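Chain by chain, the residues run as shown.
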Amino acid sequence: MESGAGIYFDGKTSARHDATVLLSPNALQISGHDGRLLAKWPYDELEELAAPDKVLRLGRRGNAVLERLEIFDPEFAAAVDARAIHIDRTGMIQRRQRGSVIGWTLAATVSLLLVAWFGIPALAERIAPLLPVVVDRKLGDAVDIQMRGMLDPRNSGAAFECGAAEAEKAGRGALDKIVQRLEASAALPGKLRTFVVRRPEANAMALPGGQIYVFRGLIEKADNADEVAGVIAHEIGHVAHRDGTKAVLQAGGLSFLFGMLLGDFVGGGAVVIAAKTVLQSSYTREAESAADAYGAALMNRAGGDVTALATMLGKIGGATEPGMKILLDHPETKARIAAINAFASAKSTTPFLDAKEWAALKRICAG
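These numbers were taken from a predicted model, which means no experiment stands behind them. (Residues numbered from 1 in each chain as written. Predicted model: local features only at pLDDT ≥ 70, side-chain atom pairs only at ≥ 80, totals over all residues. Heavy atoms only, no water.)

A. Representation of the state of the cysteines within the structure. Inspection of every chain in the model, using the stated rule, returns one disulfide. At a sulfur-sulfur separation of 2.0 Å, the disulfide partner of C162 is C365. Its torsion about the S-S bond being 100°, the disulfide of C162 and C365 is classed as right-handed. Taken together, the residues C162 in the loop between helix 4 (133-151) and helix 5 (169-186) and C365 in the segment after helix 13 (355-362) connect sequence positions 203 residues apart. Residues C162 and C365 agree in their burial class; the two are buried. (Disulfide = S-S within 2.5 Å. Helix = DSSP H or I, 4+ residues; strand = E, 2+ residues; numbered from the N terminus. Buried < 20%, exposed > 50% of the residue type's maximum accessible area, 1.4 Å probe, protein only.)

Right under this line is the structure:
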């Protein structure tokens with residue numbers, strides 16, 4: 001693994017720490033010269049801060065503590081840039097995506113001109129698969145801001161998410177293990193971002209851009225890790241099919257579509273309407289059935305127990321919580337359970353977590 005030198009500030013004191021920075025497969029690890037781990041920042045949480053020329057100054061997105069890391073070696077800074085999702089100092093990502101963005105813009109413009117013939121729902125159905133991953137992610141980020149405000153009426157901020165407190169970190173690691181195993185078998189074009197939030201409902205939902213919310217109540221309701229994995233696999237189906245993106249485009253209407261053409265994902269009231277739609281309305285019968293089939297097939301590919309998803313549906317099929325969820329009366333729960341069980345493989349399965357990891361996941365919101 002590649003490593004280099006850096007200057008680390010912990011954000012709690014003004015002291016600077018000469019540090020060794022190691023680029024592990026999933027995160028940037030910061031250690032003191034004595035080998036003690038000072039911080040570990042996932043690549044998708046890195047952000048670039050203002051700094052003098054020839055200095056790469058990094059922070060962590062959404063971190064209440066003003067930690068920062070400074071890297072002076074340009075070659076090592078380029079290696080960090082290549083791994084960080086939200087940093088693009090070289091312009092390589094922008095150049096690679098420019099053609100697809102231009103193509104999407106032209107396609108969207110033509111689609112808008114044909115709206116009189118196709119209507120908003122059909123238009124959203126056609127545009128959603130054409131959106132580049134970077135545009136879908138920006139759309140998801142805009143919806144996420146509004147969604148958190150609706151789900152977190154106490155405005156608890158970062159504390160609304162489980163897994164950050166010291167007592168919860170083992171649970172966060174267990175959740176990451178589940179998601180990484182599913183993600184490896186899903187082969188999606190973009191990376192998933194999965195959060196456990198402090199809500200009592202047995203629920204989960206997918207936002208545009210690969211964001212998945214798992215409610216605390218769902219983990220409490222589950223009897224094993226495969227039941228949680230099955231629900232996440234179902235939500236990955238909605239991500240793969242861009243169901244959340246379609247719903248947002250339909251809810252926002254023409255004003256939202258025109259705003260997207262101009263690069264405006266958060267302006268006006270359209271994104272608020274779109275977020276409410278994600279939270280309050282349901283997917284169609286066809287979308288839910290397709291997500292069931294995708295989730296079952298994904299569980300098979302990942303070597304998990306397909307019937308665990310059906311079991312979880314049986315437990316919560318009569319619930320009435322709001323939101324884009326798997327708990328729908330159409331198609332009826334019994335029919336969905338039968339369809340999912342039909343996907344079960346005769347091959348032996350491997351649990352997603354061992355007993356210790358499952359116990360840790362159960363405590364992910366204990367802090």
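There is more to say after this.
B. Summary view of the pairing of strand 8 (residues 193-197). Burial analysis of strand 8 places five of its five residues in the buried class, which makes it a mostly covered element. Covered by surrounding structure in strand 8 are R193, F195 and V197 together with T194 and V196, the residues of both alternating faces. Direction of pairing for strand 8 relative to strand 10 (residues 211-215): parallel, over a ladder of five bridges. Bridge pairing links V196 to V214 in strand 10. (Pairing = 2+ DSSP bridges.)

C. Examining the sheet that holds strand 3 (residues 27-32) more closely. Spatial strand order, 4-3-2-1-7-6-5: seven strands in an open sheet with antiparallel pairing. Each end of this open sheet is capped by a strand with a single partner; those strands are strand 4 (37-42) and strand 5 (46-49). Going from strand to strand, the sheet's axes swing by 35° on average, the running direction of each strand aside. Bridge count for strand 6 (residues 56-60) against strand 7 (residues 68-71) is three bridges, and the pairing is antiparallel. Its bridge partner being in strand 7, L58 is matched across the sheet by L69. Where helix 1 (residues 74-83) meets the sheet, its contacts fall on strand 1 (3-9), strand 2 (16-23), strand 3, strand 5, strand 6 and strand 7, and the angle it forms with strand 2 comes to roughly 60°. (Axes fitted to C-alpha atoms, helices over the stretch in contact; angles between N-to-C directions. Contact = heavy atoms within 4.5 Å.)

D. Expanded view of the pattern of salt bridges. Under the criterion given, the structure shown has 20 salt bridges. Put simply, D144 and R148 hold a salt bridge, and the shortest N to O gap is 3.1 Å. Of this pair, D144 and R148 both sit in helix 4, four residues apart, roughly one helical turn. For D144, a relative accessible area of 11% corresponds to the buried category. Salt bridges linked by common partners bring R57, R68 and E70 together as one network. (Salt bridge = Lys/Arg side-chain N within 4 Å of Asp/Glu carboxyl O.)

E. Region of the structure containing the environment of M1. In this fold, M1 is placed in the segment before strand 1. Take M1: its relative accessible area is 68%, and that puts it in the exposed class. Sequence-wise, M1 and L23 are 22 residues apart; in three dimensions their C-alpha atoms are separated by 6.0 Å. Those residues in contact with M1 that lie beyond four places of it in its chain are L22, L23, S24 and P25.

F. Examining the packing of aromatic side chains more closely. With the rule as written, the count across this model stands at two aromatic pairs. Geometrically, the ring pair formed by F195 and Y213 is edge-to-face, given 6.1 Å between the ring centres and 75° between the ring planes. Taken as a pair, F195 in strand 8 and Y213 in strand 10 lie far apart in primary sequence, 18 residues in all. Neither F195 nor Y213 differs from the other in exposure class; each is buried. Seen from the ring of F352, R181 lies directly overhead, with NZ or CZ sitting 3.9 Å from the centre. Across the ring face of Y294, the terminal group of R301 is positioned such that the distance to the ring centre comes to 5.9 Å. (Phe/Tyr/Trp six-rings, centres within 6.5 Å; stacked < 30°, edge-to-face > 60°. Lys NZ or Arg CZ within 6 Å of the ring centre and 35° of its normal.)

G. The arrangement of the sheet that holds strand 10 in detail. Strands sit in the order 8-10-9 across an open sheet of three strands; the sheet is mixed. If you trace the sheet from one side to the other, it starts and ends with strand 8 and strand 9 (204-207), each paired once. Neighbour-to-neighbour, the strand axes of this sheet turn through a mean angle of 20°, independent of strand direction. Pairing between strand 9 and strand 10: four bridges, direction antiparallel. Its bridge partner lying in strand 10, A206 is registered against I212. Contacting strand 8, strand 9 and strand 10, helix 4 crosses the sheet at an angle of about 25° to strand 10. Running at roughly 25° to strand 9, helix 7 (residues 225-240) makes contact with strand 9 and strand 10 of the sheet.

H. Up close: the nonpolar core. Of all hydrophobic cores here, the largest spans 44 residues; its most connected members are I178, L182, I232, I236 and L361. Top contributing element to this core by residue count: helix 7, with eight residues. Ignoring anything within four residues of it in the chain, the contact list for I178 reads A225, A229, I232, F352, L353 and L361. Grouped together as the second largest cluster of nonpolar side chains are 20 residues, V21, A39, I71 and I87 included. (Core = buried A, V, L, I, M, F, W, Y, C linked by side-chain atoms within 4.5 Å.)

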